[in-house]
Amino acid sequence: MFIHLGEDTVINDKEIIGVFDIDTSTVNKATRDYLRIAEQNKKVIYVNYDLPKSFIVCDNNVYISPINTSTINKRSK
């Protein structure tokens, strides 16, 4: 099954490792460091440049999305 993350971005649900709320999870320094390193390694893909609400960790990339985690979870069911 494919999940729409916003704009023209669609991913296979089998690639998803985790879906995280950007506001609550970036409080932790380890998460901020993970996202910083992923961005330095060019693994971060911004779905669009609206206010980000979630980030989706996949096998090869991290997607920053304006769609909240509950909507993404509903789309995966």
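All figures in this text were calculated on a predicted structure; none of them were measured in a lab.

Trainee: Is there a simple way to explain the nonpolar core in this structure?
Mentor: Inside soluble globular proteins, nonpolar side chains tend to come together where they are buried. The biggest cluster of nonpolar side chains holds nine residues, and these are I3, L5, I11, V47, I56, C58, Y63, I67 and I72. Those elements giving two or more residues to this core turn out to be strand 1 (2-6) and strand 5 (54-58). Residue contacts for I11: discarding those within four places in its chain leaves M1, F2, I3, L5, I16, I56, C58 and Y63. Counting residues in each nonpolar core, the second largest holds eight residues, with I22, L35, F55 and I64 among its members.

Trainee: Would you explain the pairing of strand 2 (residues 9-12) in this entry?
Mentor: Sheet faces and side chains relate simply in a regular strand, where the side chains alternate between the two faces. Where burial is concerned, the two faces of strand 2 differ: the one with T9 and I11 is buried and the one with V10 and N12 is not. In terms of strand pairing, strand 1 meets strand 2 through four bridges, oriented antiparallel. Looking at the pairing, I3 lines up with I11 of strand 2.

Trainee: How should the sheet that holds strand 6 (residues 62-65) be read in this particular structure?
Mentor: Strand pairing in a sheet takes place through backbone hydrogen bonds and is either antiparallel or parallel in direction. The mixed open sheet is built from four strands, whose spatial order is 3-5-6-4. The sheet is open, and its two borders are formed by strand 3 (16-21) and strand 4 (44-46), each paired with just one other strand. Direction aside, the axes of adjacent strands within the sheet are offset by 20° on average. Where strand 5 meets strand 6, four bridges bridge the pair, whose relative direction is antiparallel.

Trainee: Would you take a moment to explain the environment of N73 for this structure?
Mentor: Along the chain, the position of N73 falls in helix 3 (residues 69-75). On a C-alpha basis, the gap between N73 and E7 in space is 17 Å, while along the polypeptide they are 66 residues apart.

Trainee: Looking at this structure, how should I read helix 2 (residues 29-40)?
Mentor: Every α-helix winds through 3.6 residues per turn, so residues three or four apart in the chain are directed the same way. Between its first and last C-alpha, helix 2 extends 16 Å over 12 residues, near the 16 Å set by a 1.5 Å rise per residue. Among the residues of helix 2, those classed as buried are T31, L35 and A38. For helix 2, the buried positions fall inside an angular range of 65° around the axis, keeping them on one side. Exposed and facing more than 90 degrees away from the buried side of helix 2 are K29 and Q40. In the core, the buried residues of helix 2 are packed alongside helix 1 (22-25), strand 4, strand 5 and strand 6. Where helix 2 begins, one side-chain oxygen reaches toward the backbone nitrogen of A30, 2.8 Å away; that side chain belongs to N28. Directly beyond the C-terminal end of helix 2, a positive phi value near 60° is found at K42.

Thresholds, definitions, all that
Residues numbered from 1 in each chain as written. Predicted model: local features only at pLDDT ≥ 70, side-chain atom pairs only at ≥ 80, totals over all residues. Heavy atoms only, no water. Core = buried A, V, L, I, M, F, W, Y, C linked by side-chain atoms within 4.5 Å. Buried < 20%, exposed > 50% of the residue type's maximum accessible area, 1.4 Å probe, protein only. Helix = DSSP H or I, 4+ residues; strand = E, 2+ residues; numbered from the N terminus. Contact = heavy atoms within 4.5 Å. Pairing = 2+ DSSP bridges. Axes fitted to C-alpha atoms, helices over the stretch in contact; angles between N-to-C directions. Expected span 1.5 Å × (residues − 1). Arc of directions from axis to C-beta. Polar contact = N/O pair within 3.5 Å; in protein donor to acceptor, adjacent residues only side chain to side chain.

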